[in-house]
Amino acid sequence: MTTGEGGMITTNDNALADRLRLLRNHGDTGKYNHISIGYNYRMTNIQGAIGSEPR
Amino acid sequence: MTSPSQREAYGYLNANGIATAVHYPKAVYEQPIYQKLGYGRDGCPVSEDVSRRVMSLPVHPSLSASDLQHIAQTINCFED
């Protein structure tokens with residue numbers, strides 16, 4: 001799903017979900033512990049509103 | 001929060017109702033990914049030192065003048 005810029009991915013693969021969480025937040029596992037290269041893919045509230053609208 | 005002085009300041013500020021956190025606990029090259037990529041061999045001593053001593057203070061538009069006064073006074077008392 002796209003929200004104008006970026007979107008949403010669903011998966012039932014926990015390892016993939018962990019990797020995606022790293023990719024969207026500069027490889028941060030939490031508390032400023034960056035273990036891999038990542039990006040700033042955190043969604044803004046406007047994008048979230050677009051994504052939450054029923055089709 | 002890596003240093004005893006940061007933990008002590010954190011405890012003191014929290015006890016006085018002031019939220020704080022350390023947002024820059026490491027020099028950038030001390031992050032695991034950059035260590036893995038081979039950065040930081042020479043190091044930046046000032047960055048490393050400062051990262052063990054910085055803390056963020058509340059800074060936002062909802063703070064009142066008396067909030068600011070309380071924060072400043074509480075911090076000044078800690079230095080004493």
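Residues numbered from 1 in each chain as written. Chains lettered and ligands numbered in written order. Predicted model: local features only at pLDDT ≥ 70, side-chain atom pairs only at ≥ 80, totals over all residues. Heavy atoms only, no water.

Asks: Hey, could you run me through the pattern of salt bridges in this one?
Replies: Charged atoms that come close allow side chains of opposite charge to pair. Applying the stated criterion across every chain yields a total of three salt bridges over all chains. Put simply, A:R21 and A:D18 hold a salt bridge, and the shortest N to O gap is 3.4 Å. Note that A:R21 and A:D18 are positioned in helix α1 (residues 14–23) at a spacing of three residues, about one turn of the helix. Residue classification places A:D18 among the partly exposed positions, given a relative accessible area of 47%. The partner of B:R53 in a salt bridge is B:D49, with the nearest N and O atoms 2.6 Å apart. (Salt bridge = Lys/Arg side-chain N within 4 Å of Asp/Glu carboxyl O. Helix = DSSP H or I, 4+ residues; strand = E, 2+ residues; numbered from the N terminus. Buried < 20%, exposed > 50% of the residue type's maximum accessible area, 1.4 Å probe, protein only.)

Asks: Help me understand unusual backbone geometry in this model?
Replies: The bulk of non-glycine residues show a negative phi, and the bulk of peptide bonds are trans. Residue and element names in this part refer to chain A. In this model, H26 sits at a positive phi of 55°, which is unusual for a non-glycine residue. By the secondary structure assignment, H26 is in the loop between α1 and α2 (45–52). Classification of H26 as partly exposed rests on a relative accessible area of 34%.

Asks: Would you explain the interface of chain A and chain B in this entry?
Replies: A common way to state how big an interface is: give the accessible area lost once the parts meet. Listed by partner, the interface residues are six residues for chain A and nine residues for chain B. Interface area lost by chain A to chain B is led by A:Y32, A:H34 and A:I37, which between them contribute 73%. Applying the counting rule to chain A against chain B returns zero salt bridges. Connecting chain A to chain B are three residue pairs in polar contact (both at pLDDT 80 or more). Residue composition of the side of chain A that touches chain B, by class: three nonpolar, three polar and no charged. (Contact = heavy atoms within 4.5 Å. Buried area = accessible area lost by both parts, 1.4 Å probe. Polar contact = N/O pair within 3.5 Å; in protein donor to acceptor, adjacent residues only side chain to side chain. Nonpolar A, V, L, I, M, F, W, Y, C, P; charged D, E, K, R; others polar.)

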